[in-house]
Amino acid sequence: DQQVKQNSPSLSVQEGRISILNCDYTNSMFDYFLWYKKYPAEGPTFLISISSIKDKNEDGRFTVFLNKSAKHLSLHIVPSQPGDSAVYFCAASGGSGGSNYKLTFGKGTLLTVNP
Amino acid sequence: GAGVSQSPSNKVTEKGKDVELRCDPISGHTALYWYRQSLGQGLEFLIYFQGNSAPDKSGLPSDRFSAERTGGSVSTLTIQRTQQEDSAVYLCASSLVPGAYTEAFFGQGTRLTVV
């Protein structure tokens, strides 16, 4: 049973346009959400996060939106750059038992930004 | 070192053999995590260490999997009697203190192939 779902395996956008990556979750106990970026042959690197008490968090070109009622979050990248081409993982933590150290990941979305 | 280091980068082993995967976390990081990513899947939590103790081993898939951490530093993940379904990228991460709110830094992973 997948608790974090990224339904788009891939996304292709033009340089300078907006990239929107989506993520849905099923566990209502999740209270912290993160996005990781992964280049080939490298480990994932932290990109941006959001707590469930917020609905938006912005860091430069990256903004994460959280819709708790819909159990949906999205990552917006604007403007997109070719160097943003990577696999993006959505992750969530929280729940009972104090398991706020354990991340539950989606399967990832491969973003390709075309020059 | 500057980051989380994992060795080997790649490991090909015959079915039934034992393998050991090593993780050198960032110096001073008390929390250490093992995840694995099977083909087409997201990262799957395996085990979490706080210092040398493993409060949560719930993600280990079977009793063929074990892990230890010594000196609050290096960790070894051991898989006994490897099976083909163990083939995956095994990722180690460390964080200064436990918790998703503290950024976890990932190593580049060990790609294990069981033939």
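Below, the structure is looked at part by part. Residue indices begin from 1 for each chain and proceed along its sequence in written order. Written order decides the labels, with chains lettered from A and ligands numbered from 1. Note on the predicted model: pLDDT of at least 70 is required for a residue's local features to be given, and 80 or more for side-chain atom pairs to be given and counted; whole-chain, interface and lining totals, by contrast, use all residues. Water and hydrogen atoms play no part in the side-chain values, which are based on all heavy atoms of the structure.

### Structural notes on empty space enclosed by the protein
We count it as follows: Every definition here rests on a 1 Å grid over the protein atoms only: cavities are sets of points where a 1.4 Å probe fits but cannot get out, pockets are open sets enclosed by protein on both sides within 12 Å along at least five of seven lines, and lining residues have some atom within 4 Å of a point. Grid points are joined across faces, edges and corners, and a volume is the space filled by probe spheres set on the points. By the criteria applied, helices consist of DSSP H or I runs no shorter than four residues and strands consist of E runs no shorter than two, each listed in order from the N terminus. Note on residue categories: nonpolar means Ala, Val, Leu, Ile, Met, Phe, Trp, Tyr, Cys or Pro, charged means Asp, Glu, Lys or Arg, and polar means any other residue, Gly included.
Within the structure shown, the criterion is met by one cavity of 30 Å³ or more. Empty space within the largest cavity amounts to approximately 60 Å³. In terms of lining, the largest cavity is formed by Tyr36, Tyr101 and Leu103 of chain A together with Tyr33, Tyr35, Ala93, Ser95, Gly99, Ala100, Thr102, Ala104 and Phe106 of chain B. Those elements giving two or more residues to the lining of the largest cavity turn out to be β4 (31-37) and β9 (88-95) of chain B. Counted by class, the lining of the largest cavity contains nine nonpolar, three polar and no charged residues.

### Some remarks on the packing of aromatic side chains
Applicable threshold: Stacked, tilted and edge-to-face are the three classes applied to pairs of Phe, Tyr and Trp rings, where Trp contributes its six-membered ring and a pair requires centres within 6.5 Å; stacked means planes under 30 degrees apart, edge-to-face means over 60, and tilted covers the rest. Burial status follows relative accessibility: with a 1.4 Å probe on protein chains alone, a residue under 20% of its type maximum counts as buried, one over 50% as exposed, and anything between as partly exposed.
The full count for this structure, using the stated rule, is 13 aromatic pairs over all chains. Ring geometry for Tyr101 of chain A and Tyr48 of chain B: centres 4.1 Å apart, planes at 20°, overall stacked. With Tyr101 of chain A in the loop between β9 (86-94) and β10 (104-105) and Tyr48 of chain B in strand β5 (residues 43-50), this residue pair bridges two chains. Each of the two residues, Tyr101 of chain A as well as Tyr48 of chain B, counts as buried. Seen in terms of ring centroids, Tyr33 of chain B and Tyr48 of chain B are 5.6 Å apart; in terms of plane orientation they differ by 20°. Their pairing is stacked. Here the residue Tyr33 of chain B occupies a position in strand β4, and Tyr48 of chain B occupies one in strand β5, the gap between them amounting to 15 residues. An identical accessibility class is assigned to Tyr33 of chain B and Tyr48 of chain B; each is buried. In this structure an aromatic cluster arises from ring pairing among Tyr36, Phe46, Phe89, Tyr101 and Phe105 of chain A together with Tyr33, Tyr35, Phe45, Tyr48 and Phe106 of chain B.

### A few points about the interface of chain B and chain A
Cut-off, in case you're wondering: Contacts are residue-level and defined by heavy atoms, with any inter-residue pair within 4.5 Å sufficient. Buried area is understood as the total, over both parts, of accessible area removed when two parts are fitted together, assessed with a 1.4 Å probe. Whenever Lys or Arg places a side-chain nitrogen within 4 Å of a carboxyl oxygen from Asp or Glu, that contact is recorded as a salt bridge. Whenever two N or O atoms come within 3.5 Å, that pair is a polar contact, provided that in protein one can donate a hydrogen and the other can accept it, and provided that, for residues adjacent in sequence, both atoms are side-chain atoms.
Counting residues at the interface gives 20 residues for chain B, matched by 19 residues for chain A. Taken together, the two surfaces of chain B and chain A that pack against each other cover about 1,700 Å², and 61% of this comes from carbon and sulfur. On the chain B side of the interface with chain A, the three residues burying the most area are Leu43, Ala100 and Tyr101 of chain B, jointly 32% of the side's total. Counting across the chain B and chain A interface gives one salt bridge. Of the charged contacts in the structure, one is a salt bridge between Lys102 of chain A and Asp56 of chain B, with a shortest N-O distance of 3.5 Å. For the pair chain B and chain A, the interface holds five residue pairs in polar contact (both at pLDDT 80 or more). The set of elements that each furnish at least two residues to the side of chain B that touches chain A consists of β4 and β5 of chain B. Taken together, the residues that form the side of chain B that touches chain A break down as 10 nonpolar, eight polar and two charged.

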